[in-house]
Amino acid sequence: MNKRAASAKYFFILTVTALFAAFLPACGKRQDSEAEQKVYGIDFVQNHAISYPEQIVCGPKCAWVITAAKGSCIYQLDYDPAVASEIPWQQGEGERLINIAQRDGILYAEVYLEEKEFFEIRKYIGGIWLKVTALAAENEEWANVGGGLFVDSDENIYLVSRGKVTLFKAEGETKKEYPLGGDACFFRENAEGEVECMAAAEKGIVLYGLGEDGAEKKWELKVSAQNPVGVVSVGGENICLSTGEELLFIESGSGSLLARSDLLVCGVRSLLGGVYDAQEESLRLYGTESDGNLCCSLLSVRETYAQQRTELVYGTMGAYNGSVRDNVKDAIMAFNRTNENYYITVRNYDSYGDNDLQRLHADMAGGNGPDIIEMYALGNYETYVKNGYLEDLTPYLERSLYQDDILWNVLNAYESDGGMYLIIPHFSVEALAINPEYQEKIEEWNMETFLELVEDNRWEQPILGGLNDAQTLLWYLLSGRQEEFIDWNRKEAAFETEEFEKLLALCKENGEQEWPNVSEWTFEEMQRNAICGLVFLPDFSGYLTLVDVYGREYPLYGYPTSDGQEYRIGLYADSCAIYAGSEHKEGAWEYIESLLDEERQIGGRIGDGIPIRRSVMEKYGKEQKKLEWGSQNNIKTLTDAELDIIKAVLYQGNLTRGQLNEDILNVVREEAAAYFAGDKSAGETARIIQSRVEIILSE
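Residues numbered from 1 in each chain as written. Predicted model: local features only at pLDDT ≥ 70, side-chain atom pairs only at ≥ 80, totals over all residues. Heavy atoms only, no water.

S.K.: Now, about the sheet that holds strand β9 (residues 118–125): what can you tell me, with residues and values included?
M.R.: Taken together, four strands build an open sheet; the order of strands is β7-β8-β9-β10 and the sheet is antiparallel. This sheet does not close on itself; its edge strands, each paired only once, are β7 (95–103) and β10 (128–136). For this sheet, the mean inter-axis angle between neighbouring strands, taken without regard to orientation, is 25 degrees. (Pairing = 2+ DSSP bridges. Helix = DSSP H or I, 4+ residues; strand = E, 2+ residues; numbered from the N terminus. Axes fitted to C-alpha atoms, helices over the stretch in contact; angles between N-to-C directions.)

As structure tokens, then:
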């Protein structure tokens, strides 16, 4: 099954260059924290239709790039004018392009000859490729794509392996091995003609001189560099290096750190290579956008942060770091690129491990909470409202440009205490599909009808596909009808009712059945062999997952309640709130409102959620119709009728929150476990749950 959503593995990329007069001011023996904060802003971004670049090499007038695609060409990126072209490259049978490098504007390539188990170094001159030398493939790490190649002014060859650099003379014989205290990440030839290599170790960055007597350690800079990339510098003697999170400007002689620049604040999403002009104080940086395509960003120096823009802190529980989706990172980058009054930095609570929530709670209670709070992974939304940590966004929404375009029935699912305390730029929907053999029996869908289907079925089939234990079924059914039992605005509970007792009894009976082992069933088999199937819609095309089971244009039902049905609305990674103690609430709202801009709403990748603006949703639906689902011989796309089924749910359906309050859920699970084990009656269980939940609501 595929959705034309490309994915790729990003390798450790080394930028090897021949322009090495590196830039930047130095800072003697000062501590890192004393280094000047050099501020850059993006003046222009150009995207190239080059997918998943693997290695970028920058020269005096152009850059070259190779990609992860097997047999792909080499691309040349001219600086002025900024155009991309393909360099003629025809790999012979059994040949594989491994690395590229450049020397004074001449392009070199390392090619692996599989049958001969040799490497050839070739150079591109006058429109043709010429052989420079051949090397025996003694080390398998030399065959790592983008692993590292350098060519000095005498055309001596340097190949990189873990913790070591191997030097070959131009004629191909091994000359010397240089063990390093880390992995090589940057080469240059200094003003005296000596080749220098920078290596990244666990404790910092080390510069080595590669001479006749071995690798001489010149200096060590104690900084963290997880993904070091050298930036070619012109018009200066010092070194510019990216750690993956910031640019470091290092004095080449002493290794002192004079200046650093935060890539996030600059608005640079990733960095694979680049050029620094010391005289103009400008940067040309190459990296990738969220779609995996290559982009070039032109940056110039700005005034200091305090003089130009106000800092906003974004508190993340992990979504920004890519563990969920990249759309949060993309939104912050776009905001930092364009907003003239504010810029965002990230406070990563996920880095505190098991103490992440405690640290966030302590910051909010102490008046030091982040201006913008990521809500995706926080769970107990109401707890933060009750404690006064979140700002009511109702006044901001009432004056928003997009007020009349928002799907309020979706947003209102998360209303609490009479206000709206978070924004949901993108969301998911969860519904039920009824097995076709039962659909004709359904005149009105509610809990009574649902129980009749179960009774008629006589437990021959599971209720929900693959959910055969009592606790899991209880979680799904209770989450889907939680508004029937919990009123957050009135702070009242309704568990001590006949309806809840019926729900407990149903789940218990479900768990007592002798169900077949479904672990080896396919997803389709689980749905086909159940009364109801779960339909999860992270986007509209998710509807197509069950068309082979239930047929085209099958209806979407909500979770049954005593008087109707409810569909579950899930948060996405960009759901966020404003800290009530923030001194920069207007700036925080500027970021939140930027999430409702059409480009941010519709610009996400497949699975990044459904946009909450009505007008954008219509355009989104047209784009979703173009997506293909299924195998090569069974390609499906959405029909207009199927789009109408989904939109009817969003425009007219009764919607509830996708998550159940964790504190309440734990109470229900704990007390229900005793009932499922036969230790308590349904009535006693409901009474205890009612009492404990009322305490939670009143606190």
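Don't stop here, the text continues.
S.K.: Go over the confidence of the model for the chain with me, naming the residues and quoting the values.
M.R.: Low-pLDDT stretches of the model should not have their predicted coordinates read in fine detail. Confidence in the prediction for the chain averages 85 pLDDT; 91% of positions are at 70 or higher. In this model residues 1–32 is a low-confidence stretch, pLDDT under 50, and it forms 124 contacts with partners more than four residues away in sequence or in other chains. (pLDDT = per-residue confidence, 0-100. Contact = heavy atoms within 4.5 Å.)

S.K.: So what's going on with the packing of aromatic side chains? Which residues, and what values?
M.R.: Scanning the entire structure with this criterion turns up 25 aromatic pairs. Each ring, one from Y112 and one from F119, has its centre 5.2 Å from the other, and the planes form 45 degrees; the classification is tilted. Y112 sits in the buried class, given a relative accessible area of 14%. Aromatic pair F485 and F495: ring centres 5.6 Å apart, planes at 15 degrees, arrangement stacked. With a gap of 10 residues between them, F485 in helix α11 (residues 482–485) and F495 in the loop between β31 (492–493) and α12 (498–511) connect regions that are remote in the sequence. Here F485 matches F495 in class, with each residue buried. Following the ring pairs from residue to residue traces out a cluster consisting of Y112, F119, W142 and F168. (Phe/Tyr/Trp six-rings, centres within 6.5 Å; stacked < 30°, edge-to-face > 60°. Buried < 20%, exposed > 50% of the residue type's maximum accessible area, 1.4 Å probe, protein only.)

S.K.: Please set out helix α15 (residues 585–594) residue by residue, giving values where relevant.
M.R.: Within α15, seven of the 10 residues are buried, which leaves it mostly tucked inside the rest of the structure. When α15 is considered as a whole, its buried residues turn out to be G587, A588, W589, Y591, I592, E593 and S594.

S.K.: For the pattern of salt bridges, give the residues involved together with the corresponding values.
M.R.: Scanning the model with the defined rule gives 35 salt bridges in all. For K38, the salt bridge identified is with E281, shortest N-O distance 3.0 Å. Separated by 243 residues along the polypeptide, K38 in the loop between β1 (36–37) and β2 (40–51) and E281 in the loop between β23 (273–277) and β24 (282–288) bring together distant segments of the chain. A residue is classified by how much of its surface remains accessible, and K38, at 6% relative accessible area, is buried. With a closest N to O distance of 3.4 Å, E212 and K175 form a salt bridge. One end of the pair, E212, is in the loop between β17 (205–211) and β18 (214–221); the other, K175, is in strand β14 (residues 174–179), with 37 residues separating them in the sequence. Judged by its relative accessible area of 57%, E212 is exposed. (Salt bridge = Lys/Arg side-chain N within 4 Å of Asp/Glu carboxyl O.)

S.K.: Explain the packing of helix α17 (residues 614–624) against helix α18 (residues 640–652) residue by residue, including any values.
M.R.: Running from N to C, α17 and α18 cross one another at 160 degrees; their axes reach a closest spacing of 12 Å. When the axes of α17 and α18 are compared, the pair comes out roughly antiparallel. Judged by the sense of rotation from one axis to the other, the crossing of α17 with α18 is right-handed. Here R614, M617, E618 and G621 of α17 lie close against α18, whose contacting residues are L643, K647, L650 and Y651. (Parallel < 35°, antiparallel > 145°, perpendicular 65-115°, else oblique. Left-handed = near helix turned anticlockwise from the far one by under 90°.)

S.K.: Let's hear about the sheet that holds β14: which residues, and what values?
M.R.: The strand order β11-β12-β13-β14 describes an open sheet built from four strands, whose pairing is antiparallel. Edge positions in the sheet fall to β11 (149–151) and β14, since each of these pairs with one other strand and no more. For this sheet the average axis-to-axis angle between neighbouring strands, irrespective of direction, equals 20 degrees. Pairing of strand β13 (residues 164–168) with β14, which is carried by five bridges, proceeds in the antiparallel orientation. Counterpart to K164 in the pairing with β14 is P179.

S.K.: Talk me through the pairing of β24; I want residue IDs and the actual numbers.
M.R.: Most of β24 is tucked away, with six of its seven residues classed as buried. The sheet contact formed by β23 and β24 spans five bridges and is antiparallel. Following the sheet pairing, Y276 is matched in β24 by L283. In textbook terms, the turn of a hairpin is the stretch between consecutive antiparallel strands, and for β23 and β24 this stretch comprises four residues, one of which, E281, has a positive phi near 50 degrees. Both β24 and strand β25 (residues 293–301) contribute to a ladder of seven bridges, which runs antiparallel. Following the sheet pairing, Y286 is matched in β25 by C296. What sits between the antiparallel neighbours β24 and β25 is a turn of four residues, in which G292 has the positive phi angle 90 degrees.

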